[in-house]
Amino acid sequence: MPPGYGLLISEFEFPKVFFRAEAIETALGCEGLYIKWEGSNPTGTQKDRAAYRHILKALSQGYDTVTVGTCGNYGVSVAYFSRLAGIKAVIFIPSRYSGSRIPEMLHYGANVVKVDGSYEEAVERSILAAFDEGWYDANPGGANEEVAIEAFSELSSEMYSSLGKAPNVVSVPLGNGTTLSGIYLGFLRLKASGLIDEVPKMIGATTAYGNQVAFSLRYGRDKLIDYGISSVRETEVNEPLVSIKSFDGERALEAILSTGGRIYEFTDEDLISFSKILLEMEGIPALPASASSLGALLRFLESDENVSGPCVAVVTGRNVEWKMP
Ligand SMILES: Cc1ncc(COP(=O)(O)O)c(C=O)c1O
């Protein structure tokens, strides 16, 4: 390991950005609307939380290489923190990936392996490579999957500290369901420790064109059902939310159903319009897929007049062109 790198990662702290969306409240006539902004993280998304915790674990267990299958954002996060820790990253990515994040992975020194297949196949390839090569497995559904759930549970404590109480509703962009499941776990723990009385209603926000959790709920199921690839339409806009197999989908389903939450499915046009609201009214460059959480929250508030604030939408960045640092 290059000298000093381990120190760099151990000193790292996440920026904690939480604010009241007053301009949106005024324009749309709602109250108590907050944004948990993950766009200030080093690579711009909440996936940095999971990557950071994985890399710390990999370092503590003496690994020199970490691997992951990704559709983009998570791969950049793993590449970034691997670089900070001075270990190698091998990132498996579907060859038809249309997003713009591969140059960033390469910039952070990752080895990018193109996979002829879906996101799920890229994850599978990475899990097998971890096993065969003795690499640290940072995949959803892999040997260390709990690490990501734990990492996202920290968001709940941060929301609680910012508000001084639990929000009534938390809305989260949903692909695999890992982020939402981690936040739910965090609130369950806050309740178990007596700090809050109720776990917030958990709202999932996703694409209308290919998500297993949404598909299962559409058919009134409380367990995941198989989702045929033919029903999926993946685009550059909805790609973080598309999931033929939602690796943490069972837990996300439980979180949504047991808290009286809902899932909302959006078209790409919807996602872009929510990100415009955030940019024009609050000045934040939200990734359209992650602006789904704002859209879902607004729909939920409209649908039930008994629901009141504080309500939180978890939103990430990346609605800007990346420039070589
Ligand atoms: C920016 C962003 N938001 C939301 C998601 C979906 O999160 P999860 O897979 O934890 O449900 C992803 C997935 O990569 C993402 O990159």
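Residues numbered from 1 in each chain as written. Predicted model: local features only at pLDDT ≥ 70, side-chain atom pairs only at ≥ 80, totals over all residues. Heavy atoms only, no water.

1. Some points on the overall build of the protein
- Per the secondary structure count, the protein includes 12 helices and 10 strands.
- A globule of 325 residues ought to have a C-alpha radius of gyration of about 20 Å, and the protein, at 19 Å, matches this closely.
- Principal-axis analysis of the C-alpha atoms gives the protein an extent of 55 × 45 × 40 Å.
- Split into buried and exposed, the 325 residues of the protein put 57% on the buried side.
- Residue pairs at least 24 apart in sequence account for 71% of intrachain contacts in the protein once pairs closer than 6 positions are excluded.
- In the structure as shown, the protein presents an accessible area of about 13500 Å², 50% of it carried by carbon and sulfur atoms. (Helix = DSSP H or I, 4+ residues; strand = E, 2+ residues; numbered from the N terminus. Rg over C-alpha atoms; globule rule 2.2 N^0.38 Å. Buried < 20%, exposed > 50% of the residue type's maximum accessible area, 1.4 Å probe, protein only. Contact = heavy atoms within 4.5 Å. Areas by Shrake-Rupley, 256 points an atom, 1.4 Å probe, with all protein chains shown as cover.)

2. Describing the sheet that holds strand E6 (residues 136-137)
- The strand order E5-E4-E3-E6 describes an open sheet built from four strands, whose pairing is parallel. In this open sheet, the two strands that pair with only one neighbour each are strand E5 (111-115) and E6.
- Both strand E3 (residues 65-69) and E6 contribute to a ladder of two bridges, which runs parallel. Along E6, the bridge assignment pairs threonine 67 with aspartate 137.
- The strands touched by helix H4 (residues 73-85) are E3 and strand E4 (88-94); relative to E4, the strand with the most contacts, the crossing angle is about 170 degrees. (Pairing = 2+ DSSP bridges. Axes fitted to C-alpha atoms, helices over the stretch in contact; angles between N-to-C directions.)

3. A word on the pattern of salt bridges
- Throughout the structure, instances matching the rule amount to 11 salt bridges.
- The shortest N-O distance in the salt bridge between glutamate 154 and arginine 53 comes to 2.9 Å. In this pair, glutamate 154 is assigned in helix H7 (residues 145-163) and arginine 53 in helix H3 (residues 47-60), connecting sequence segments 101 residues apart.
- Among the salt bridges present, the one from glutamate 265 reaches arginine 218, with a minimum N-O distance of 2.6 Å. With glutamate 265 in strand E9 (residues 263-266) and arginine 218 in helix H9 (residues 212-218), this pair connects stretches of sequence that are 47 residues apart.
- Overall, glutamate 265 belongs to the partly exposed group, its relative accessible area being 25%.
- What you see here is one network of salt bridges that share partners, running through Lys36, Glu38, Arg49 and Glu158. (Salt bridge = Lys/Arg side-chain N within 4 Å of Asp/Glu carboxyl O.)

4. Points about the domain arrangement of the protein
- Assigned domains of the protein: these are domain 1 (5-45 + 145-315) and domain 2 (47-137).
- Averaged C-alpha coordinates put domain 1 and domain 2 at centres separated by 23 Å.
- Each partner contributes to the interface: domain 1 provides 33 residues, whereas domain 2 provides 31 residues.
- Both sides of the domain 1 and domain 2 interface together cover about 2800 Å² of buried area, and 59% of this is carbon and sulfur.
- For the domain 1 face of the interface with domain 2, the top three residues by lost area are Ile9, Thr43 and Val147, together amounting to 24%. (Domains from an automatic or database assignment. Buried area = accessible area lost by both parts, 1.4 Å probe.)

5. Digging into H4
- Compared with an ideal rise of 1.5 Å per residue, which puts 13 residues at 18 Å, H4 spans 19 Å between its outermost C-alpha atoms and is within 8% of the ideal.
- Extensive coverage of H4 is indicated by the burial of 12 of its 13 residues.
- Among the residues making up H4, those that are buried are Asn73, Tyr74, Gly75, Val76, Ser77, Val78, Ala79, Tyr80, Phe81, Ser82, Leu84 and Ala85.
- Phi turns positive, to about 75 degrees, at glycine 86, one or two residues after H4. (Expected span 1.5 Å × (residues − 1).)

6. Quick look at the pairing of E3
- With respect to burial, E3 is a largely interior element, five of its five residues being buried.
- Residues of E3 alternate between two faces, with Thr65, Thr67 and Gly69 on one and Val66 and Val68 on the opposite face, all of them buried.
- Viewed along the sheet, the connection from E3 through H4 into E4 turns out right-handed. (Right-handed = clockwise from strand over helix to strand, strands pointing away.)

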